[in-house]
Amino acid sequence: MNYLIRVLDGSRWSFEYQEPNKPFKANPLYDLRTDNDNLSVFEFEEEKNNLNEIILGFAAKRYGISKLQYIELDPDELIKSGFKIISAEEQGNTPVATANAAHKNIYIESAEKLIELAKLIYYKTENIQTVKGKDIKKLINESIANGSLDRDNLNCVLKKIFSIT
Amino acid sequence: MEPVSTTNNNRFASSENIIESSTTSIYVSQQQIDPYNFIPKPIFKPTTNTVVPAQLKYVITEFKDILQSTPVEVDEFEEEDMFSIRIIDWIEKYNFAALDTIFEFYASGELNEKTISHILMALGNANNSKTYNKRLEKLEEFLKSSSPKIRYGAIIGISNLDDPEAIRYLSNALEKERIPVLKGTLKSVIKQLKKTESE
């Protein structure tokens, strides 16, 4: 089954229990920043088994090594809830080409729609996945070693961490 | 017991090692100075005025500098990492004195939820066998915090320690947890620790 991956910072979603009909907290919306009314996601395709590439893509564009958390969204469920999933005009901007090819957008037509998505995601965070920092570091190291990650595409902070001159 | 003097060659026995009170100078036994912990142990603690051993002032000063110059309020991963790196270095340098400082600051209300949460995450990454048990003990204690954000920090801190001993505490926390992201993170970390246990 294919699903859409969005990286979140679990800390922002850690607040007192959200009752369904109560106003939603503003802080988590930082994790759902849109660009041109589009929310960027990456499609995991079961047949391609590209999860590691997607995680690598996210990890390799950050300015440090720390845990990474993400949720998996069912595209069918999103469509039933009135969201549109569209092919991204631009490829993703991670240092991993195969991850970039998996880039998609969820069209967010209004702030109210964004809050609706945030509420949906809030309950889905019960299935949040966590990749710890040491595993991220290992993934990047292995990818540099096997050539699947071009070290020249890393930012200066990661180059320093991985002793790349 | 010897009076401390500035002519003494012991690097801990300088005039700075004298713990002063308003009424008297206190002599510090050289036998009670633990070079590993860096903090001279007083043999007499006055009940009046604030007593702060000179070396402890450095621990606190460095901690305050980290808090002031590496803001945790900025919600960017890079800031989080820089803060964690500095906290870890500081803990590894000052061991138990650093841990005591953190928890005293927290108890006195000087650390907000977000800051203590980030510190708890960093506790799991410190590479310091001396303080390992205390760090694990504190992380397990903070799993029961009334603050969701602090509980989150404790869960991630335990994830970073990667010690299967913590599975039962996480499982207990999961039974009581109501907030979705904390339940999810607990499940994720329990799975991670079970994998570590089997390897």
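Residues numbered from 1 in each chain as written. Chains lettered and ligands numbered in written order. Predicted model: local features only at pLDDT ≥ 70, side-chain atom pairs only at ≥ 80, totals over all residues. Heavy atoms only, no water.

A few points about the overall build of chain B
Stage number 1. Scanning chain B from N- to C-terminus turns up seven helices and two strands.
Stage number 2. Listing each helix as α and each strand as β along chain B from the N terminus yields β-β-α-α-α-α-α-α-α.
Stage number 3. Looking at chain B as a whole, 48% of its 199 residues qualify as buried.
Stage number 4. When contacts within chain B are restricted to residue pairs at least 6 apart in sequence, those whose partners lie at least 24 apart make up 60%.
Stage number 5. Total accessible area on chain B is roughly 10200 Å²; 48% of this is exposed by carbon and sulfur atoms. (Helix = DSSP H or I, 4+ residues; strand = E, 2+ residues; numbered from the N terminus. Buried < 20%, exposed > 50% of the residue type's maximum accessible area, 1.4 Å probe, protein only. Contact = heavy atoms within 4.5 Å. Areas by Shrake-Rupley, 256 points an atom, 1.4 Å probe, with all protein chains shown as cover.)

Description of the pattern of salt bridges
All names here are of chain A.
Stage number 1. Counted according to the given criterion, the structure contains 16 salt bridges over all chains.
Stage number 2. For Arg12, the salt bridge goes to Asp9, with nearest N and O atoms at 3.9 Å. Asp9 shares its class with Arg12; the two are buried.
Stage number 3. One salt-bridge network, held together by shared partners, links Asp9, Arg12 and Asp31. (Salt bridge = Lys/Arg side-chain N within 4 Å of Asp/Glu carboxyl O.)

So, the sheet that holds strand 1 (residues 3-8) of chain A
All names here are of chain A.
Stage number 1. Taken together, the six strands give an open sheet; going across it, the order is 4-5-2-1-3-6, and neighbouring strands pair in antiparallel fashion. This sheet does not close on itself; its edge strands, each paired only once, are strand 4 (84-87) and strand 6 (129-131). Geometrically, the sheet is characterised by an average inter-axis angle of 40° between neighbouring strands, direction not taken into account.
Stage number 2. Taken together, the five bridges between strand 1 and strand 3 (residues 68-73) define a ladder with antiparallel strand orientation. The partner of Leu8 across the bridge, within strand 3, is Gln69. (Pairing = 2+ DSSP bridges. Axes fitted to C-alpha atoms, helices over the stretch in contact; angles between N-to-C directions.)

Overview of unusual backbone geometry
Stage number 1. You will see that Asn49 of chain A, though not glycine, has its phi angle at about 50°, which is positive.
Stage number 2. By the element assignment, Asn49 of chain A lies in the loop between strand 2 (38-44) and helix 1 (51-60).
Stage number 3. Here Asn49 of chain A falls in the exposed class, since its relative accessible area comes to 55%.
Stage number 4. Phi is positive for Asp162 of chain B, which is not a glycine, with a value near 60°.
Stage number 5. By the element assignment, Asp162 of chain B lies in the loop between helix 5 (148-161) and helix 6 (167-176).
Stage number 6. A relative accessible area of 19% means that Asp162 of chain B is categorised as buried.

Quick look at the nonpolar core
Within soluble globular proteins, side chains that are nonpolar tend to cluster in buried spots.
Stage number 1. In terms of nonpolar packing, the biggest core is built from 66 residues, with Trp13 and Ile106 of chain A together with Ile87, Trp90, Ile91 and Ile102 of chain B touching the most fellow members.
Stage number 2. A per-element tally of this core places helix 2 (residues 77-107) of chain B first, with twelve residues.
Stage number 3. Sequence-distant contacts of Trp90 of chain B, that is, excluding residues within four places in its chain, are made with Val59, Glu62, Phe63, Ile66, Ala98, Thr101 and Ile102 of chain B.
Stage number 4. One finds Leu51, Ala60, Leu149 and Leu154 of chain A within the second-largest nonpolar core, a separate group that totals 26 residues. (Core = buried A, V, L, I, M, F, W, Y, C linked by side-chain atoms within 4.5 Å.)

Structural notes on helix 5 (residues 133-145) of chain A
Residues and elements named next belong to chain A.
Stage number 1. Helix length check: helix 5 (13 residues) gives 18 Å between terminal C-alpha atoms against 18 Å at 1.5 Å per residue, within 8%.
Stage number 2. Along helix 5, the residues classified as buried are Gly133, Ile136, Leu139, Ile140, Ser143 and Ile144. The buried side chains of helix 5 occupy one side of the element, clustering within an arc of 130° when seen end-on. Within helix 5, the exposed residues directed more than 90 degrees away from the buried face are Lys138 and Ala145.
Stage number 3. The inward-facing, buried residues of helix 5 contact helix 1, strand 3 and strand 6.
Stage number 4. Directly after helix 5, the chain includes Gly147, whose backbone phi takes a positive value near 85°. (Expected span 1.5 Å × (residues − 1). Arc of directions from axis to C-beta.)

Here's the deal with the interface of chain B and chain A
Stage number 1. In this assembly, 27 residues from chain B lie in contact with 29 residues from chain A.
Stage number 2. Where chain B abuts chain A, roughly 2500 Å² becomes buried across the two surfaces, and 49% of that area is made up of carbon and sulfur atoms.
Stage number 3. When the shortest N-O distance is used, the salt bridge between Lys187 of chain B and Glu126 of chain A registers 3.6 Å. (Buried area = accessible area lost by both parts, 1.4 Å probe.)

With respect to the packing of aromatic side chains
Residue and element names in this part refer to chain A.
Stage number 1. Within the structure shown, the criterion is met by 13 aromatic pairs over all chains.
Stage number 2. Arranged with centres 6.5 Å apart and planes meeting at 65°, the rings of Tyr17 and Tyr123 form a pair that is edge-to-face. Taken together, the residues Tyr17 in the loop between strand 1 and strand 2 and Tyr123 in helix 4 (residues 111-124) connect sequence positions 106 residues apart.
Stage number 3. When the ring of Phe24 is compared with that of Tyr122, the centres are 6.1 Å apart and the planes differ by 85°; the resulting orientation is edge-to-face. With Phe24 in the loop between strand 1 and strand 2 and Tyr122 in helix 4, the pair connects residues that are 98 residues apart, well separated along the chain. (Phe/Tyr/Trp six-rings, centres within 6.5 Å; stacked < 30°, edge-to-face > 60°.)

Topic: the environment of Met82 of chain B
Residue and element names in this part refer to chain B.
Stage number 1. Within the secondary structure layout, Met82 lies in helix 2.
Stage number 2. Looking at Met82, the relative accessible area reads 43%, which means it is partly exposed.
Stage number 3. In the structure, Met82 is positioned 42 residues away from Gly124 in sequence and 15 Å away in space, judged by C-alpha atoms.

Overview of a nonpolar patch on the surface
All names here are of chain A.
Stage number 1. Side chains of Tyr63, Val157 and Ile161 sit close together on the surface and give an oily, nonpolar patch of about 220 Å² of accessible area.
Stage number 2. Along the chain, the position of Ile161 falls in helix 6 (residues 156-161).
Stage number 3. Its relative accessible area of 35% is what places Ile161 among the partly exposed residues. (Patch = residues over 30% accessible without salt bridge, like charges linked within 9 Å, V, L, I, M, F, W, Y side chains within 5 Å.)

Points about the packing of helix 6 of chain B against helix 7 (residues 180-198) of chain B
All names here are of chain B.
Stage number 1. Relative to each other, helix 6 and helix 7 sit at 155°, their axes nearing to 10 Å. Our classification of the angle between helix 6 and helix 7 gives roughly antiparallel. In the crossing of helix 6 with helix 7, the sense of the turn from one axis to the other is left-handed. Packed against helix 6, whose contacting residues are Ile167, Leu170, Ser171, Ala173 and Leu174, the element helix 7 presents Lys183, Leu186, Lys187, Val189, Ile190, Leu193, Lys194 and Glu197 at the interface. (Parallel < 35°, antiparallel > 145°, perpendicular 65-115°, else oblique. Left-handed = near helix turned anticlockwise from the far one by under 90°.)

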